[in-house]
Amino acid sequence: MLNFCLFGAGRIGAIHAANVAAHAHANLRYVVDLFAESAQTLADKYDAQVTTVTQALADPEIHAVIIASPTDTHADLIEKAAAAGKAIFCEKPIDLSADRTRACLEYVEKAGVLCLVGFNRRYDPNFSAVKAQIDSEAIGKLEMVTITSRDPSPPPAQYVRSSGGLFRDMMIHDLDMARWLLGEEPVEVFATASCLIDPEIGANGDVDSALVTLKTASGKLCQISNSRRAAYGYDQRVEVLGSKGMAQAENQRESTLVVTNASGAIAAKPQHFFLERYAAAYQRELENFIQSVQGKEQPLANQHDGLMALVLADAAYESASSGRVITL
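Residues numbered from 1 in each chain as written. Predicted model: local features only at pLDDT ≥ 70, side-chain atom pairs only at ≥ 80, totals over all residues. Heavy atoms only, no water.

Draft legend 1. Representation of the nonpolar core within the structure. If you look at the biggest cluster of nonpolar residues, it comprises 66 residues, and the most contacted ones within it are Phe4, Leu28, Phe167, Leu181, Val212, Ile224 and Val240. With residues near it in sequence (within four places) discarded, valine 240 still touches Val130, Ile134, Ile139, Leu142, Met144, Val145, Leu181, Gly245, Met246 and Ala247. Judged by nonpolar contacts, the second largest core, of 31 residues, contains Ile78, Ala82, Ile88 and Phe119. (Core = buried A, V, L, I, M, F, W, Y, C linked by side-chain atoms within 4.5 Å. Buried < 20%, exposed > 50% of the residue type's maximum accessible area, 1.4 Å probe, protein only. Contact = heavy atoms within 4.5 Å.)

Draft legend 2. Main features of the sheet that holds strand β2 (residues 26–32). Taken together, the six strands give an open sheet; going across it, the order is β3-β2-β1-β4-β5-β6, and neighbouring strands pair in parallel fashion. In this open sheet, the two strands that pair with only one neighbour each are β3 (49–50) and β6 (115–118). Relative to strand β4 (residues 64–67), strand β1 (residues 2–7) is paired through four bridges, and the arrangement is parallel. Bridged to leucine 6 within β4 is isoleucine 66. (Pairing = 2+ DSSP bridges. Helix = DSSP H or I, 4+ residues; strand = E, 2+ residues; numbered from the N terminus.)

Draft legend 3. Representation of the pairing of strand β11 (residues 235–242) in the model. In terms of strand pairing, strand β7 (residues 142–150) meets β11 through eight bridges, oriented antiparallel. In the sheet register, arginine 150 faces β11, and the bridge partner there is aspartate 235. Here β11 pairs with strand β12 (residues 245–249) via five bridges, running antiparallel. The partner of valine 240 across the bridge, within β12, is alanine 247. Counted along the chain from β11 to the antiparallel partner β12, the turn is two residues long.

Draft legend 4. Main features of the pattern of salt bridges. Counted under the stated rule, the structure contains 22 salt bridges. Among the salt bridges present, the one from aspartate 169 reaches arginine 228, with a minimum N-O distance of 3.1 Å. Here arginine 228 lies in the loop between β10 (221–227) and β11 and aspartate 169 lies in helix α8 (residues 166–169), a separation of 59 residues in the sequence. Arginine 228 shares its class with aspartate 169; the two are buried. In this structure, arginine 179 and aspartate 305 form a salt bridge, with 3.0 Å as the shortest nitrogen-oxygen distance. (Salt bridge = Lys/Arg side-chain N within 4 Å of Asp/Glu carboxyl O.)

Here it is, written out as structure tokens:
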């Protein structure tokens, strides 16, 4: 039985708390959050205790931490957990600064603790099936990857101000997926972006619509399409093209019902947002973490992956700002 401390009692923290509570070999012992009411509500739900960072990390019976607190707390909490010898599961990104992220990685590696970074899309059953087709060469040699990721509606301006921007906040998931599916590091990044949806996002120095093209040393290509608004729901699709064929993962819909009549065919919309779309991925992510702590597996996404996705996000931002191809 692994005893967990959860840092962060917000929306994503609640997902992880529920998954820990439902796991046969995991126990949520502590919840830590600056907002006492949120922490207490979540702790009461799963028979946990509200405590402080210091007290939680000093408990020798705590084996692992889940860091689901605001981004600007991630690196400090990782370093404190590493110093205490705890296994670490941290939501992305480790930090908005690549230099701060590198310093944090050095700390983790010196401490010799396990660290999983929450790129949950690697764990999605549909995307995993696409990856299996690539790895088995069922579609031949991989040549091109297309990733579509569009949110149902834009975030509030207050969120945009502290998020790090679309490339570091939203597209970082897709940049990680690109690395994972391509199987090699991109060496060229070209990005173009606009503010087409919400003028407030532009007023806060961000964009809400972006296209990025990646190229690897061997010539493999990837194109990523991001939008902060899709009127029809949460749009999450992947397509890979190989020398012998193609594999696709389409949207998951609210239901499988299709009504067909003389006017045509009507199907349900894609699922509303990430809570529904990636429910299975979050469960599989926790399972991989627990198996890794037990020495049976390796994290599917670790601290190095966290850094490399951020490096690509920074390059995309630089390219969009300058209009140039960025060489890595």
